[in-house]
Amino acid sequence: MMATVVGVFCMLALSSRALLPCAYRSPPVSRALRGAGRRTRGRLGAGVAPSRASASTSSSPPVPSLLDEDDSSPRRDDSGARTALLWLSSNRLRLRDNASLTRAAELGPDGLTICVAWPHRVPTSPSVKRDEITPAEAFGYAALQAFDDALGERGQRVWLISSQDEERECDPTSIIARAARELQPSHVVVDVSLLDRHRDPAAKLRSRLQDTYDENTNHVPGVVEVMDDGLLISFDDVPKALGRSRRGGRALRWSTFLGNALANQEKIDKPIWTTPALPPLMKNVEKIMPHTPIPSVRSFPSWARHLLSDWGEVSEDEAISRASANKMESHSSSSSSPLTERGSRDTKLSPYLRWGLISPQRAAESGVRKRDLLWRDWSYVCYHLLEPIKRGDAVLEFMDEARRSSNAPSGDDEELFKLWCVGNTGSKLVDAGMRQLWAEGWMPRRVRLLAAGCLVEGLGLDWRTGRDWFERTLVDHDPAINEMMWQNAGLAGVDPFYHGIKWEALPNGQEDDEYVDIWTNRELVWPSSLNAYSAKEPPLQLIDGAESQRQKLRANGVYKAARKVSNAGVRIAWPGLSRSHANSQVKNGEVIGVGIASVNELRV
């Protein structure tokens, strides 16, 4: 089953198959840069993949690309120097295994500027307010500071770009384009992860640069795209791992993906154990680049400072140490505790993976189970390919509706939700886990499964409320994994494998008892909106009615339909799919069926 390796990020891995959050696949630089003199295009379906330009104007999923052959050709700025501006993904806060950083250093030996566009509004006040930051953001800022410190030891630094200010969203592309115009680098290197592909940032930057430079400009920097998918396997191997569907499109089926990926383990890239030598800062960068200071941990609200203190060191070396713990220890194969899983350990690596302090390749090399890392790959691939997931819509609307109609809330929606949030449902393991989530921003992977089953199948509440609560409270929150996991918990996702989970199960053994005792007796400070619910007695009907709720779902055929989805897979429209009759209007990435059944035949 899956590991908890990282314990959770996997967040409710609503599938015992889930696991850690984060980003990175960077093919070793030797491979990533192999395409420098020729086009390096991936294949997403039958026939030759369209060019990046054509992909950006079609409804097809973006095509993989490592470099643009024209823009990566040797060139110098107006002063004759070879310099580079790196637009680094916020999911890649490390020195090792960083293909885009290595490439930028190669293209800009005379000067380098490193920018990170932050996905959230960056607090600028000396004292960050409680609601201005989430646990995941707090960890991310600590990771960014550690990365900046490591760069400082090498004569470099990070320039932080906020995607939002106090009043409006800011366009990072425009900020990078303005910086390029002022700095006049030879090249701008754009680090693109799988979750960013659909935005096509490199193409947008090229267009913006062409718009901002007039015909009298002698120097327009080349834009080089480094595609680091953040996966354990190469994205070029994803179509093969998914397999084919006899009914057209591609079938998204976890067991097929896992089997094919494990069968090609020899193709998994090895991590790069050396750190690239970094060029000096570009001249005048201090005067030109807008300065947004990285929020200091000292400025965080007390809860965030305590949370980070409990987690310990946030650094690249700490991430490697945690990953290596999987080799040094292993759980007993006879463990039956919901907190553990054979072959995995809760090393709490997930937030380090989430912010890219370690790559999946290095995690695997250090001892993390490949199966766990491949579940993370699976979540990222589904998020990239499935349009409903990116929109936040149910993958299978007919399942979402069937679950709602068969599983009405067993009381007031708001009250039930708040009782769940504060760990006051009557289920000892669920309640301990929810209390740990509030205190640490984390809980064991399998307890996440129980908590999700409690909310959706036990309380009859919408899975979206759980998704949003975990986004607010998880220290390892990852958009792709969180969406994937909660959709599965809501029985509306690609793999509702854990339907019917007995979330009210009693603790099983000493390990469970100790876990429950620790978190049940821990004093916590709740916000005023939740404080009253933490002191209430859990409604008896929640536990007593757990089996009757499952019986309703079983009697109405929801569990049977969930098994079919998990076993047969979800078919989606794919580039090159013959558009005939029913599928003629379906865009790539939309659901066209389950197994051999077409979308028009799907019902419970």
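In this text the structure is predicted, and so the values were computed from the model without any measurement. (Residues numbered from 1 in each chain as written. Predicted model: local features only at pLDDT ≥ 70, side-chain atom pairs only at ≥ 80, totals over all residues. Heavy atoms only, no water.)

Overview of the overall build of the protein chain
Right, on to step 1. In terms of regular secondary structure, the protein chain is built from 26 helices and nine strands.
Right, on to step 2. Among the 604 residues that make up the protein chain, the fraction classed as buried is 62%.
Right, on to step 3. Contacts spanning at least 24 positions in sequence make up 81% of the contacts within the protein chain whose residues lie at least 6 apart. (Helix = DSSP H or I, 4+ residues; strand = E, 2+ residues; numbered from the N terminus. Buried < 20%, exposed > 50% of the residue type's maximum accessible area, 1.4 Å probe, protein only. Contact = heavy atoms within 4.5 Å.)

Quick notes on the pairing of strand β3 (residues 158-162)
Right, on to step 1. By the criterion of burial, β3 is predominantly enclosed, with five of the five residues buried.
Right, on to step 2. Where strand β2 (residues 111-118) lies against β3, five bridges are found, and the strand directions are parallel. Pairing of Val116 across the sheet is with Leu160, part of β3. (Pairing = 2+ DSSP bridges.)

Quick look at the pairing of β2
Right, on to step 1. Counting buried positions along β2 gives eight out of eight residues, so the element sits mostly inside the fold.
Right, on to step 2. Note: strand β1 (residues 83-88) against β2, six bridges, orientation parallel. Looking at the pairing, Leu88 lines up with Val116 of β2.
Right, on to step 3. A crossover links β1 with its parallel partner β2, the connecting element being helix α3 (residues 99-107), and its sense is right-handed. (Right-handed = clockwise from strand over helix to strand, strands pointing away.)

A short note on the layout of surface pockets
Right, on to step 1. Space inside the largest pocket adds up to approximately 1200 Å³.
Right, on to step 2. Lining the largest pocket are 43 residues, with Pro119, Leu195, Asp196, Arg199 and Pro479 sitting closest to its centre.
Right, on to step 3. Taken together, the residues of the lining of the largest pocket sort by class into 16 nonpolar, 12 polar and 15 charged.
Right, on to step 4. By volume, the second largest pocket is sized at about 570 Å³.
Right, on to step 5. Forming the walls of the second largest pocket are 22 residues, and the residues nearest its centre are Arg130, Trp303, Trp438, Ala439 and Val525.
Right, on to step 6. Listed by contribution, the elements that provide at least two residues to the lining of the second largest pocket are α10 (302-311), α18 (428-440) and α20 (463-473).
Right, on to step 7. In terms of residues, the lining of the second largest pocket owes the most to one element, α10, which gives five residues.
Right, on to step 8. Among the residues forming the lining of the second largest pocket, the class breakdown is 10 nonpolar, five polar and seven charged. (1 Å grid on protein atoms, 1.4 Å probe; cavity = no way out; pocket = protein on both sides within 12 Å on 5 of 7 lines; lining within 4 Å. Points joined across faces, edges and corners; volume = space filled by probe spheres on them. Nonpolar A, V, L, I, M, F, W, Y, C, P; charged D, E, K, R; others polar.)

Concerning empty space enclosed by the protein
Right, on to step 1. Across all of its chains, the model carries two cavities of 30 Å³ or more by this definition.
Right, on to step 2. In this structure, the largest cavity encloses a volume near 100 Å³.
Right, on to step 3. Ile233, Ser234, Asp237, Lys240, Ala241, Asn260, Ala261, Asn264, Lys267 and Ile268 together form the lining of the largest cavity.
Right, on to step 4. Where the lining of the largest cavity is concerned, the elements lending two or more residues are α7 (238-242) and α8 (254-263).
Right, on to step 5. The residue makeup of the lining of the largest cavity, split by class, is four nonpolar, three polar and three charged.

Regarding the pattern of salt bridges
Right, on to step 1. Enumeration according to the criterion identifies 31 salt bridges in this entry.
Right, on to step 2. In this structure, the salt-bridge partner of Arg154 is Glu153, at a minimum N-O distance of 3.9 Å.
Right, on to step 3. Judged by its relative accessible area of 35%, Arg154 falls in the partly exposed class.
Right, on to step 4. Take Glu153: its relative accessible area is 68%, and that puts it in the exposed class.
Right, on to step 5. For Arg550, the salt bridge identified is with Glu504, shortest N-O distance 2.5 Å. Of this pair, Arg550 sits in helix α25 (residues 546-555) while Glu504 sits in the loop between α21 (479-489) and α22 (510-520), and the two are 46 residues apart along the sequence. Comparing Arg550 with Glu504 shows no difference in burial state: the two are buried.
Right, on to step 6. Residues joined by salt bridges that share partners form a network here, namely Asp400, Glu401, Arg404, Asp462 and Arg464. (Salt bridge = Lys/Arg side-chain N within 4 Å of Asp/Glu carboxyl O.)

Considerations on the environment of His120
Right, on to step 1. Mapped onto the elements, His120 comes out in the loop between β2 and α4 (135-152).
Right, on to step 2. Assessed through its relative accessible area of 26%, His120 is described here as partly exposed.
Right, on to step 3. Along the chain, His120 and Ser162 lie 42 residues apart, while their C-alpha atoms are 6.7 Å from each other.
Right, on to step 4. Polar side-chain contacts of His120 include one of 3.4 Å to the side chain of Glu137. (Polar contact = N/O pair within 3.5 Å; in protein donor to acceptor, adjacent residues only side chain to side chain.)

A word on the sheet that holds β3
Strand pairing in a sheet relies on backbone hydrogen bonds. The paired strands run either parallel or antiparallel.
Right, on to step 1. Read from one edge of the open sheet, five strands run β3-β2-β1-β4-β5, paired in parallel fashion. Looking at strand neighbours, the two that pair on one side only are β3 and β5 (222-227), the edges of this open sheet. In this sheet, adjacent strand axes meet at a mean angle of 25 degrees when their direction is disregarded.
Right, on to step 2. Contacting β1, β2, β3 and β4 (187-192), helix α5 (residues 172-183) crosses the sheet at an angle of about 170 degrees to β1. (Axes fitted to C-alpha atoms, helices over the stretch in contact; angles between N-to-C directions.)

Here's the deal with helix α14 (residues 370-385)
Right, on to step 1. Spanning 16 residues, α14 covers 22 Å between terminal C-alpha atoms, matching the ideal 22 Å at 1.5 Å per step.
Right, on to step 2. By the criterion of burial, α14 is predominantly enclosed, with 14 of the 16 residues buried. (Expected span 1.5 Å × (residues − 1).)

Concerning helix α26 (residues 558-568)
Right, on to step 1. Inspection of α26 places Val558, Tyr559, Ala561, Ala562, Val565 and Ser566 among the buried residues, and these make up the whole buried set. With its buried residues spanning 160 degrees around the axis, α26 presents them on a single face. Opposite its buried face, α26 presents the exposed residues Lys560 and Asn567, each directed more than 90 degrees away.
Right, on to step 2. Those residues of α26 that are buried are in contact with α16 (397-406), α19 (445-458), α25, β7 (570-572) and β8 (591-594).
Right, on to step 3. Of the residues trailing α26, Gly569 is marked for its positive phi of about 90 degrees. (Arc of directions from axis to C-beta.)

Here we look at a negative patch on the surface
Right, on to step 1. On the surface, a cluster of negative charge is made up of Glu511, Asp513, Glu514 and Asp517.
Right, on to step 2. Tracing the chain through its elements places Glu511 in helix α22. (Patch = residues over 30% accessible without salt bridge, like charges linked within 9 Å, V, L, I, M, F, W, Y side chains within 5 Å. Areas by Shrake-Rupley, 256 points an atom, 1.4 Å probe, with all protein chains shown as cover. Lys, Arg positive; Asp, Glu negative; His and termini not counted. Charge placed at Lys NZ, Arg CZ, Asp CG, Glu CD.)

What about the side chain of Ser162?
Right, on to step 1. Position of Ser162 among the secondary structure elements: in strand β3.
Right, on to step 2. A distance of 3.3 Å separates the side chain of Ser162 from the backbone nitrogen of Val122, its partner in a polar contact.
Right, on to step 3. Setting aside its immediate chain neighbours within four residues, Ser162 contacts Trp118, His120, Arg121, Val122, Cys170 and Ile175.

So, the environment of Leu195
Right, on to step 1. By the element assignment, Leu195 lies in the loop between β4 and α6 (201-212).
Right, on to step 2. On a C-alpha basis, the gap between Leu195 and Val381 in space is 8.8 Å, while along the polypeptide they are 186 residues apart.
Right, on to step 3. Setting aside chain neighbours within four positions, we find Leu195 in contact with Tyr380, Tyr383, Asp478 and Ala480.

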